[in-house]
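Chain by chain, the residues:
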Amino acid sequence: GRWGAHSDHTFNGEIGDVQIHNRELSADEVAQIENGQSVTDGLVAHYDFSDENNLGADVSGNNHNATVSGNIEVTEHNIATTLTTDEDSSITIDVL
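Residues numbered from 1 in each chain as written. Predicted model: local features only at pLDDT ≥ 70, side-chain atom pairs only at ≥ 80, totals over all residues. Heavy atoms only, no water.

Enquirer: Please clarify how the overall build of the protein chain should be interpreted in this entry.
Expert: The helix and strand inventory of the protein chain stands at 1 helix and 7 strands. Listing every helix and strand of the protein chain by position from the N terminus yields β-β-α-β-β-β-β-β. When each of the 96 residues of the protein chain is scored for burial, the buried share is 27%. Summed over all atoms, the accessible surface of the protein chain reaches about 6300 Å², with 44% contributed by carbon and sulfur. (Helix = DSSP H or I, 4+ residues; strand = E, 2+ residues; numbered from the N terminus. Buried < 20%, exposed > 50% of the residue type's maximum accessible area, 1.4 Å probe, protein only. Areas by Shrake-Rupley, 256 points an atom, 1.4 Å probe, with all protein chains shown as cover.)

In structure tokens:
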């Protein structure tokens, strides 16, 4: 998928369990997230891609839903659901 304002910025790969916070996280908080726990202080949006009918659902409750389009492959893993993107895919998040 593309990121940034320029079309030459692309990401081809898997992405899963995206969290956006309005502040810098401590190393301990990052470790919590890596261990499957949630850090809610400053949480703006959280995408776990678990709802196949609405892949861009913001599960934080803050209603910052993402738009997912293009050639997206959904893969269920033991610990998370991931999306595989290519250069024709996009995940658009507007949290402003």
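From this point, the discussion proceeds with the structure in view.
Enquirer: I would appreciate a short explanation of the environment of Thr-67 in the present structure.
Expert: Within the secondary structure layout, Thr-67 lies in strand β4 (residues 67–69). Taking the C-alpha atoms as reference points, Thr-67 and Leu-55, 12 residues apart in sequence, are found 8.0 Å from one another.

Enquirer: How should I be thinking about the environment of Val-39 in this particular structure?
Expert: Mapped onto the elements of the fold, Val-39 is located in the loop between α1 (27–34) and β3 (43–47). Along the primary structure Val-39 and His-21 are separated by 18 residues, whereas in three dimensions their C-alpha atoms are 8.9 Å apart.

Enquirer: What should I look at first to understand the nonpolar core in this one?
Expert: The tendency in soluble globular proteins is for nonpolar side chains to be buried as a group. Counting residues in each nonpolar core, the largest one holds 5 residues, listed as Val-18, Ala-45, Tyr-47, Phe-49 and Ala-66. Once you skip the residues sitting within four places of it in the chain, Val-18 turns out to touch Ala-45, His-46, Tyr-47 and Phe-49. (Core = buried A, V, L, I, M, F, W, Y, C linked by side-chain atoms within 4.5 Å. Contact = heavy atoms within 4.5 Å.)

Enquirer: I would appreciate a short explanation of the pairing of β3 in the present structure.
Expert: One face of the sheet, then the other: side chains in a regular strand alternate in exactly this way. Where burial is concerned, most of β3 is hidden: 5 out of the 5 residues are buried. Relative to β3, strand β2 (residues 18–21) is paired through 4 bridges, and the arrangement is antiparallel. Across the sheet, Val-18 pairs through a bridge with Tyr-47, a residue of β3. (Pairing = 2+ DSSP bridges.)

Enquirer: I tried to follow the pattern of salt bridges on my own but got confused; where do I start?
Expert: Oppositely charged side chains are able to pair whenever their charged atoms sit close together. On inspection of all chains with the given rule, the structure shows 2 salt bridges. Note that Glu-29 and Arg-23 form a salt bridge whose closest N and O atoms lie 2.6 Å from each other. Residue Arg-23 pairs with Asp-41 through a salt bridge whose shortest N-O separation is 3.3 Å. Highlighted residues: Arg-23 in the loop between β2 and α1 and Asp-41 in the loop between α1 and β3, separated in sequence by 18 residues. (Salt bridge = Lys/Arg side-chain N within 4 Å of Asp/Glu carboxyl O.)

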